[in-house]
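Residue-level listing of the chains:
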Amino acid sequence: MHTTLHLLAEAPPPQMLPARSLMAFTLASHIILVPLGVALPLITLIMHGYGLRRGDATALLLARRWSAVMAVQFAIGVVTGTVLSFEFGLLWPGMMGRWGDVFGIGFGVEAWAFFLEAVLIAIYLYGWRRLPARTHFLLGLPLPVTALLGAFGILAANSWMNTPQGFSLDSAGNPVDVDVWKAIFTPMFGPQYWHFVVAMLLTAGYVVAGVYAVGWLRGRRDRYHRLGFTVPFTVAAVFTPVQFVLGDAIARAVFRKQPVKFAATEIVWKTDTHVPEYLFGRLHPDGTISGGIKIPQLDSILAGFSPETEVRGLSSVAADDRPNATQATIAHWAFDIMVGIGSVLALLAVWYAFVWLRRRRLPASPWFYRSAACAGVASVIAVECGWITTEVGRQPWIVYGNMRVAEAVTAARSTSLWTMFALVVVVYVFIFGSFLAVLLKMRTRWRLDDERSAAAGAMETPETDTPYGPRAAVPAVDAPAAGPGDGPAPTEDGRP
């Protein structure tokens with residue numbers, strides 16, 4: 001058995017590269033949408049609640065428009081998420097066939113969460129201008145819960161792959177006596193779940209705020225853009241220091257529960273104390289490290305609060321039981337980029353908090369808004385790097401310590417997989433191109449609506465049209481003809 005596994009590690013099947021490439025591409029594409037899917041419902045409801053509490057028409061208009069973006073994003077996310085679900089079975093039948101009964105409950109939870117979220121989003125969208133304000137808001141409150149439930153399902157599955165438990169093995173090596181609760185709540189589940197959720201909240205906050213930061217830089221200084229920036233950026237700024245604490249917690253959990261992955265992430269070759277920390281750098285197959293910035297003893301201090309802390313090295317296990325030098329370097333760079341971006345975002349949050357607490361206003365420097373406009377893209381890159389660290393650092397295991405990637409991969413011909421990869425790339429380019437086109441079309445339509453309303457003199461500023469109550473009057477010459485799907489005008493209490 002050991003000889004067979006050793007040969008698999010030395011000569012991976014030819015279909016493993018295209019299978020890995022296809023999975024990596026679809027996962028990296030899908031995760032771009034995940035922050036908005038998980039966190040935008042909460043940010044939208046915060047804005048909605050603020051608008052109702054203050055009687056603020058601008059806040060209500062922003063919430064209504066964000067809810068439309070949320071619905072479009074959800075539709076695209078369902079498509080890309082469904083593709084990933086199929087790929088688990090098509091590309092990794094060895095894992096799903098043997099272990100599906102143990103960790104498949106996570107995918108079941110995620111499927112139910114998607115279903116509930118779809119229903120709730122439909123109700124929430126329908127409620128604008130049709131339901132009483134308080135009723136509409138209350139019906140939207142379960143939305144963030146269902147979004148977190150979906151994250152719960154997928155993180156339960158992934159954390160199990162990192163620290164599998166909740167089963168026994170029979171004589172043939174198949175899992176028996178499955179304990180579902182232990183399979184869900186693995187040692188890595190808590191650290192992974194909360195680190196992921198907070199990452200989604202701050203990423204979505206920076207992405208949404210970045211849109212309005214660009215508007216500020218282009219001279220749009222009205223209340224619509226100020227409020228559209230302030231609420232999501234405040235959410236992100238509040239959660240950024242929280243993420244530092246959670247990031248430290250998950251790093252220590254990896255140090256305790258997956259020491260070989262920790263060694264790969266920190267490119268530690270020999271088990272030792274007083275281990276230095278390398279910022280970037282490259283690990284070579286002989287254990288030497290070139291490049292990067294070496295900080296003496298820091299890795300031991302970060303791992304156990306003392307330079308005497310022993311850090312297990314990659315060489316403590318057999319070569320076919322650990323990431324190779326290239327994989328370790330990739331995981332290390334991804335981790336350092338993630339931490340580096342997080343540090344810069346923390347400085348941006350401190351800048352924002354300092355100005356707000358000292359002067360009770362937003363920062364005025366254009367450099368702050370340039371940084372805020374870049375923060376959304378940077379935080380998405382950090383999320384991508386987090387998943388790279390998690391997945392590459394676990395190699396060569398698909399189920400840590402129990403099944404290797406080479407054992408789980410499909411037996412399909414590599415040429416077929418490369419063809420599938422090319423088709424998926426084409427389809428995803430079309431999907432994301434359509435997503436971007438729809439968002440740009442919505443933005444253009446909203447801007448024209450605001451300009452038309454402002455030109456008509458119906459409002460002091462174009463953003464004060466409220467989703468509850470009659471729309472602002474617009475001259476008939478500019479108003480579009482009513483379509484067959486248009487309902488009756490709402491009354492002042494928001495009902496049709």
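Just so we're clear, the structure is a prediction, and the values are computed from it rather than from any experiment. (Residues numbered from 1 in each chain as written. Predicted model: local features only at pLDDT ≥ 70, side-chain atom pairs only at ≥ 80, totals over all residues. Heavy atoms only, no water.)

1. A word on the overall build of the chain
Each helix and strand counted, the chain has 16 helices and eight strands in total. Residue pairs in contact within the chain that sit at least 24 positions apart in sequence constitute 76% of those at least 6 positions apart. With the model as given, the accessible surface of the chain reaches about 23,400 Å², and the carbon-plus-sulfur share is 66%. (Helix = DSSP H or I, 4+ residues; strand = E, 2+ residues; numbered from the N terminus. Contact = heavy atoms within 4.5 Å. Areas by Shrake-Rupley, 256 points an atom, 1.4 Å probe, with all protein chains shown as cover.)

2. Describing the packing of aromatic side chains
In total, this model carries 33 aromatic pairs according to the counting rule given. Ring centres of F368 and Y369 lie 5.1 Å apart, and the angle between their planes is 90°; this geometry places the pair in the edge-to-face category. Judged by relative accessible area, which is 0%, F368 ranks as buried. The rings of Y206, W216, F229, F233, W351, Y352, F368 and Y369 are connected pair by pair, giving a single aromatic cluster. (Phe/Tyr/Trp six-rings, centres within 6.5 Å; stacked < 30°, edge-to-face > 60°. Buried < 20%, exposed > 50% of the residue type's maximum accessible area, 1.4 Å probe, protein only.)

3. Considering helix α5 (residues 105-127)
An α-helical segment advances 3.6 residues per turn. Residues three or four places apart therefore align on the same side. Its 23 residues place the ends of α5 33 Å apart at the C-alpha level, agreeing with the 33 Å of an ideal helix rising 1.5 Å per residue. All of the buried residues along α5 are G106, F107, E110, A113, E117, L120, I121, Y124 and G127. In this fold, the buried residues of α5 make contact with α2 (16-54), α3 (57-91), α4 (93-103), α6 (133-140) and α7 (142-162). R129 sits one or two residues past α5 and shows a positive phi near 70°. (Expected span 1.5 Å × (residues − 1).)

4. Comments concerning the environment of Y224
The topology assignment puts Y224 in helix α10 (residues 223-257). Along the sequence, Y224 and Y212 sit twelve residues apart, while their C-alpha atoms lie 8.9 Å from each other. At 2.9 Å, the side chain of Y224 and the side chain of R65 are in polar contact. (Polar contact = N/O pair within 3.5 Å; in protein donor to acceptor, adjacent residues only side chain to side chain.)

5. Observations regarding the packing of α2 against α6
Two elements in contact, α2 and α6, have axes separated by 11 Å at closest approach and are oriented at 160°. With respect to their mutual orientation, α2 and α6 come out roughly antiparallel. The chirality of how α2 crosses α6 is left-handed. Contacts between α2 and α6 involve L45, H48, G49 and L52 on the former and, on the latter, A133, H136, F137 and G140. (Axes fitted to C-alpha atoms, helices over the stretch in contact; angles between N-to-C directions. Parallel < 35°, antiparallel > 145°, perpendicular 65-115°, else oblique. Left-handed = near helix turned anticlockwise from the far one by under 90°.)

6. Regarding α4
Of the residues making up α4, those classed as buried are M95, W99, G100, V102 and F103. Down the axis of α4, the buried set is contained in an arc of 155°. They therefore lie on one face. Residues G97 and D101 are exposed on α4 and point more than 90 degrees away from its buried face. (Arc of directions from axis to C-beta.)

7. Description of the nonpolar core
M47, F196, Y206, F229 and F233 are the most contacted members of the largest nonpolar core, which totals 72 residues. Within the second largest apolar cluster, 33 residues are counted, among which are F88, L91, F167 and I431. (Core = buried A, V, L, I, M, F, W, Y, C linked by side-chain atoms within 4.5 Å.)

8. Looking at the pattern of salt bridges
Any two side chains of opposite charge can pair, on the condition that their charged atoms come close. Inspection of the entire model under this criterion finds four salt bridges. We note a salt bridge from D248 to R252, for which the minimum N-O separation is 2.8 Å. Here D248 pairs with R252, and both are found in helix α10, just four residues apart, close to one helical turn. The exposure class of D248 is partly exposed, given its relative accessible area of 33%. Put simply, D321 and R404 hold a salt bridge, and the shortest N to O gap is 2.6 Å. Pair noted here: D321 is in the loop between α12 (298-304) and α13 (325-359) and R404 is in strand β8 (residues 403-404), with a separation of 83 residues, a long-range link. Look at R404 and you get buried, because its relative accessible area is 6%. (Salt bridge = Lys/Arg side-chain N within 4 Å of Asp/Glu carboxyl O.)

9. Brief notes about a nonpolar patch on the surface
Together, W112, F115, L116, V119, I123, L139 and L149 make up a nonpolar patch on the protein surface, roughly 630 Å² of accessible area in all. Per element, the largest residue contribution to the nonpolar patch is five residues, and it comes from α5. Looking at the secondary structure, you find L149 in helix α7. (Patch = residues over 30% accessible without salt bridge, like charges linked within 9 Å, V, L, I, M, F, W, Y side chains within 5 Å.)

10. Points about unusual backbone geometry
Omega for the peptide link from Q395 to P396 comes to 5°, which places this bond in the cis form. Along the chain, P396 turns up in the loop between α14 (366-392) and β7 (397-399). Non-glycine residue R129 carries a positive phi angle of around 70°. Relative to the elements of secondary structure, R129 occurs in the loop between α5 and α6. Residue R129 is classed as buried on the basis of its relative accessible area of 9%. Phi is positive for H274, which is not a glycine, with a value near 50°. Mapped onto the fold, H274 is located in the loop between α11 (259-265) and β3 (277-279). Of the residues examined, H274 reaches a relative accessible area of 35% and is grouped as partly exposed.

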